[in-house]
Amino acid sequence: QVQLVESGGGLVQPGGSLRLSCAASGFTFSTYAMNWYRQAPGKERELVATISTTGDNTNYADSVKGRFTISRDNAKNTVYLQMNSLKPEDTAMYYCNARSYSLWGKKYDYWGQGTQVTVSS
């Protein structure tokens, strides 16, 4: 069955770094765009970063641009999120998402269980 398993979250001081990983299985990873979302308590889930199937194209939310880097290794079926210069407002549950569309527009959407990132002194 499809699985997305995130890891790498934790408690870090402001200005610190973390690297999140998301290991995928049960589907053809290289044919799915991959996304990182986050959700803070009391807030809506927001898209943080996206990466195309080949890794050639990436996009970021304005709030993380220049600090976060998304990457993928299709040989390892894994997507990463390198987070630098972390701020308290980056505190949230971070979710890995795999998304693809069929030729007829049907959306295939898979989610991980999330990993908590807490930025605090």
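Below is a short write-up of the structure.

The rules behind each value
- Residues numbered from 1 in each chain as written.
- Predicted model: local features only at pLDDT ≥ 70, side-chain atom pairs only at ≥ 80, totals over all residues.
- Heavy atoms only, no water.
- Salt bridge = Lys/Arg side-chain N within 4 Å of Asp/Glu carboxyl O.
- Helix = DSSP H or I, 4+ residues; strand = E, 2+ residues; numbered from the N terminus.
- Buried < 20%, exposed > 50% of the residue type's maximum accessible area, 1.4 Å probe, protein only.
- Disulfide = S-S within 2.5 Å.
- Pairing = 2+ DSSP bridges.
- Contact = heavy atoms within 4.5 Å.
- Lys, Arg positive; Asp, Glu negative; His and termini not counted.
- Polar contact = N/O pair within 3.5 Å; in protein donor to acceptor, adjacent residues only side chain to side chain.
- Axes fitted to C-alpha atoms, helices over the stretch in contact; angles between N-to-C directions.

**Comments concerning the pattern of salt bridges**
Summed over all chains, the structure comprises six salt bridges. Arginine 67 is the partner of aspartate 90 in a salt bridge, and the nearest nitrogen-oxygen pair spans 2.7 Å. Remark: arginine 67 occurs in the loop between β6 (58-60) and β7 (68-73) and aspartate 90 occurs in the loop between β8 (78-83) and β9 (92-101); sequence separation between them is 23 residues. By the burial criterion, aspartate 90 is buried, and arginine 67 matches it. When the shortest N-O distance is used, the salt bridge between lysine 107 and aspartate 109 registers 3.9 Å. A network of salt bridges, in which partner residues are shared, links Arg38, Glu46, Arg67 and Asp90.

**Focus: the state of the cysteines**
Inspection of every chain in the model, using the stated rule, returns one disulfide. One disulfide in the model links cysteine 22 with cysteine 96; its S-S distance is 2.1 Å. Between cysteine 22 and cysteine 96, the S-S dihedral sits near -80 degrees, and the bridge is therefore left-handed. With cysteine 22 in strand β3 (residues 18-25) and cysteine 96 in strand β9, this pair connects stretches of sequence that are 74 residues apart.

**Some thoughts on the pairing of strand β11 (residues 115-119)**
Only one face of β11 is covered, namely the face carrying Thr115, Val117 and Val119; the face carrying Gln116 and Thr118 is uncovered. As paired strands, strand β2 (residues 10-12) and β11 are joined by three bridges and run parallel to one another. Bridge assignment links leucine 11 to a residue of β11, and that residue is threonine 118. Where β9 and β11 come together, three bridges link them in antiparallel fashion. From the neighbouring strand, tyrosine 94 faces β11, where its bridge partner is threonine 115.

**Some remarks on the environment of serine 52**
For serine 52, the location among the structural elements is in the loop between β5 (46-51) and β6. Taking the C-alpha atoms as reference points, serine 52 and aspartate 109, 57 residues apart in sequence, are found 15 Å from one another. Contacts of serine 52, omitting those with residues within four sequence positions, involve Asn57 and Arg72.

**Observations regarding the side chain of glutamate 6**
Among the structural elements, glutamate 6 can be located in strand β1 (residues 3-7). For the buried glutamate 6, no salt bridge is present, and the opposite-charge side chain at shortest range is arginine 45, 7.8 Å distant. Polar side-chain contacts of glutamate 6 include one of 2.8 Å to the backbone nitrogen of cysteine 96. One polar contact links the side chain of glutamate 6 to the main-chain amide nitrogen of glycine 114, over a distance of 2.9 Å. Sequence-distant contacts of glutamate 6, that is, excluding residues within four places in its chain, are made with Ser21, Cys22, Trp36, Tyr94, Tyr95, Cys96, Gly112, Gln113, Gly114 and Thr115.

**Observations concerning the sheet that holds β7**
Picture the strands of a sheet paired through backbone hydrogen bonds; they go either parallel or antiparallel. Across the sheet, which stays open at both edges, the four strands sit in the order β1-β3-β8-β7 with antiparallel pairing between neighbours. If you trace the sheet from one side to the other, it starts and ends with β1 and β7, each paired once. Between one strand axis and the next, the sheet turns through 15 degrees on average, direction left out of account. Examined bridge by bridge, β7 and β8 share six bridges and lie antiparallel to one another. Counted as the bridge partner of serine 71 is tyrosine 80 from β8.

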